[in-house]
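# Structural characterization, general
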Amino acid sequence: MEVTVEYIINESFRSGKRKKTEVLSEYVYFKTMLSEEHRNQGPVPARLSKVLSAIFYAISSLLIILVNKSVLTSYRFPSSMVLGIGQMATTVIILYAGKMSTVIHFPDFDQQIPQKVFPLPLLYVGNHITGLASTKKLSLPMFTVLRKFTIVLTMVLEAIILRNRYSFPIICSVFIMTIGAFVAASYDLAFSLEGYIIILLNDVFTAANGVYTKQKIDSKELGKYGVLYYNACFMVLPAVLICFWTGDLQQAAVFDKWTDFIFIIQFLLACLMGFILMYSIILCSYYNSALTTTVVGAVKNVSVAYVGLFFGGDYIFSWSNFTGLNICLVGGLLYSFLTFRGSGQKQAATNSSVSKESFDIYSLNEKTGNHFKNCTVTDPEEGVR
């Protein structure tokens with residue numbers, strides 16, 4: 001029996017037990033679940049796609065630390081902001097070349113594009129500025145610990161903006177990581193109130209950027225490549241203005257290593273890795289949730305913190321701090337196990353779109369008294385508003 005969505009909604013509404021908007025809301029939920037399943041169909045199983053995209057992001061994030069450190073520390077390049085501009089410009093060039101050669105596709109620019117991308121560029125710039133400022137105020141291990149608050153902020157924003165719901169074990173794993181951050185920071189011997197405020201602002205920008213990125217991808221208005229391309233385009237100008245205002249642009253222009261062939265190769269490699277990192281973030285958010293992307297980054301940061309225990313010279317050891325780091329790691333591993341096992345997330349209604357889909361509904365809702373068992377439901381997009 002083929003039944004249109006309008007038929008289901010009207011029948012349930014006529015029963016007098018449910019409002020039409022409530023039934024429509026449940027339909028959107030079923031449609032979202034189907035969209036997620038449809039999205040991950042193909043040669044690579046859904047769970048494997050989630051895991052591989054997360055691993056790709058983690059590896060990219062680690063590699064860019066190495067190449068950035070080589071450029072900024074080994075060669076003493078004077079501005080990380082200028083390097084960031086190079087990475088954004090590389091992203092624009094690669095994606096534009098891909099579009100021109102029809103390898104990838106995303107919408108052409110029109111007057112609606114800025115509205116569709118907003119507020120991602122502003123969030124990115126805010127994230128970059130506060131991130132740089134916080135690294136100057138805090139030790140490396142303390143920086144990575146306080147970044148764990150991004151996780152709980154992401155979960156809260158996902159619930160508010162994307163209306164995502166998570167199982168109790170997932171929520172517990174998130175709070176384990178947060179408790180670990182509290183324990184680690186409770187007796188920080190290098191306490192800096194200014195540094196803590198800046199890093200918490202950085203957490204807010206990071207969480208909001210991740211959630212809005214996920215929202216833009218799921219809306220399918222721009223697609224993965226469109227979000228990445230136009231976000232980079234709109235970030236370049238503010239970043240250049242900031243560099244000019246701070247004097248970073250002038251310092252980079254007179255840098256004495258521009259004639260060094262090896263440095264140029266490493267600078268270009270860092271720019272390429274910037275594109276790969278941004279693409280890996282988009283890909284991880286596409287196959288997973290914004291929260292999962294944030295947790296993957298947090299687990300990677302814990303590994304950086306362990307390195308900081310023995311190298312760098314700016315870590316002041318305390319048992320509370322060391323214990324907190326280990327609690328964070330346990331929480332991150334627990335989250336990873338629950339999520340990639342497939343039992344963590346209960347997605348609420350989002351703006352996914354499927355042109356025409358068929359699926360079995362065993363019961364729309366027991367309270368309605370209407371059971372559409374083994375019915376094929378067809379969604380003609382023009383008939384659902």
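Residues numbered from 1 in each chain as written. Predicted model: local features only at pLDDT ≥ 70, side-chain atom pairs only at ≥ 80, totals over all residues. Heavy atoms only, no water.

This part takes up the overall build of the chain. Summing up its helical and strand segments, the chain has 15 helices and five strands in all. Total accessible area on the chain stands at roughly 19,400 Å², and carbon and sulfur atoms take up 66% of it. (Helix = DSSP H or I, 4+ residues; strand = E, 2+ residues; numbered from the N terminus. Areas by Shrake-Rupley, 256 points an atom, 1.4 Å probe, with all protein chains shown as cover.)

All right, on to the environment of Ile217 then. Relative to the assigned elements, Ile217 resides in helix H10 (residues 193-219). We classify Ile217 as buried; its relative accessible area is 2%. Between the C-alpha atoms of Ile217 and Leu228, which are eleven residues apart in sequence, the distance is 9.5 Å. With residues near it in sequence (within four places) discarded, Ile217 still touches Lys224, Val227, Ile282, Ser285 and Tyr286. (Buried < 20%, exposed > 50% of the residue type's maximum accessible area, 1.4 Å probe, protein only. Contact = heavy atoms within 4.5 Å.)

One finds Phe77, Leu95, Tyr230, Phe263 and Phe267 to be the most contacted residues of the largest nonpolar core, which totals 47 residues. Element by element, the count of residues in this core is highest for helix H13 (residues 261-287), at 13 residues. Setting aside anything within four residues of it in sequence, one finds Phe267 in contact with Val71, Phe77, Leu83 and Trp258. (Core = buried A, V, L, I, M, F, W, Y, C linked by side-chain atoms within 4.5 Å.)

Per the stated rule, a full pass over the model turns up one salt bridge. Across the pair Lys99 and Asp108 runs a salt bridge whose closest N-O atoms are separated by 3.0 Å. Overall, Asp108 belongs to the exposed group, its relative accessible area being 54%. (Salt bridge = Lys/Arg side-chain N within 4 Å of Asp/Glu carboxyl O.)

For the chain, the average pLDDT comes to 75, and 68% of its residues sit at 70 or higher. Here strand E4 (residues 360-361) stands out as the element of the chain with the lowest mean pLDDT, 36, in contrast to H13, whose mean of 92 is the highest. Within the model, pLDDT remains below 50 along residues 343-385, and this stretch shows 119 contacts once partners closer than five positions in the same chain are excluded. (pLDDT = per-residue confidence, 0-100.)

Where nonpolar side chains cluster on the molecular surface, the patch consists of Leu48, Leu52, Ile55, Ile59, Leu63 and Leu66 and spans about 540 Å² of accessible area. Assignment of secondary structure puts Leu63 in helix H3 (residues 46-74). Given a relative accessible area of 39%, Leu63 falls into the partly exposed group. (Patch = residues over 30% accessible without salt bridge, like charges linked within 9 Å, V, L, I, M, F, W, Y side chains within 5 Å.)

This part is about H10. Between the first and last C-alpha of H10 there are 39 Å, a value that for 27 residues agrees with the 39 Å anticipated at 1.5 Å per step. Just downstream of H10 lies Lys220, where phi reads positive at about 60 degrees. (Expected span 1.5 Å × (residues − 1).)

One can find Asn231 in helix H11 (residues 223-246). Overall, Asn231 belongs to the buried group, its relative accessible area being 12%. For Asn231, the residues in contact, after removing those within four places along its chain, are Val117, Leu120, Pro121 and Gly226.

It is the contact of helix H8 (residues 149-162) with H10, at a shortest axis distance of 8 Å, that shows an interaxial angle of 40 degrees. In terms of orientation, H8 and H10 fall into the oblique class. Of the two elements, H8 crosses H10, and the hand of that crossing is right-handed. Residue-level inspection shows Phe149, Thr150, Leu153, Thr154, Leu157, Glu158, Ile161 and Leu162 of H8 in contact with H10, the latter providing Leu200, Asp203, Val204, Thr206, Ala207, Ala208, Val211, Tyr212, Lys214 and Gln215. Taken together, the residues that form the contact of H8 with H10 break down as eleven nonpolar, four polar and three charged. (Axes fitted to C-alpha atoms, helices over the stretch in contact; angles between N-to-C directions. Parallel < 35°, antiparallel > 145°, perpendicular 65-115°, else oblique. Left-handed = near helix turned anticlockwise from the far one by under 90°. Nonpolar A, V, L, I, M, F, W, Y, C, P; charged D, E, K, R; others polar.)

Cis geometry is found at the peptide bond from Phe118 to Pro119, where omega equals 5 degrees. Relative to the elements of secondary structure, Pro119 occurs in the loop between helix H5 (113-117) and helix H6 (120-137). The backbone phi angle of Thr102 is positive, close to 60 degrees, even though this residue is not glycine. We classify Thr102 as exposed; its relative accessible area is 53%. Positioned with a positive phi, Arg163 is a non-glycine residue whose angle comes to about 60 degrees. In this fold, Arg163 is placed in the loop between H8 and strand E2 (165-166). A relative accessible area of 58% means that Arg163 is categorised as exposed.

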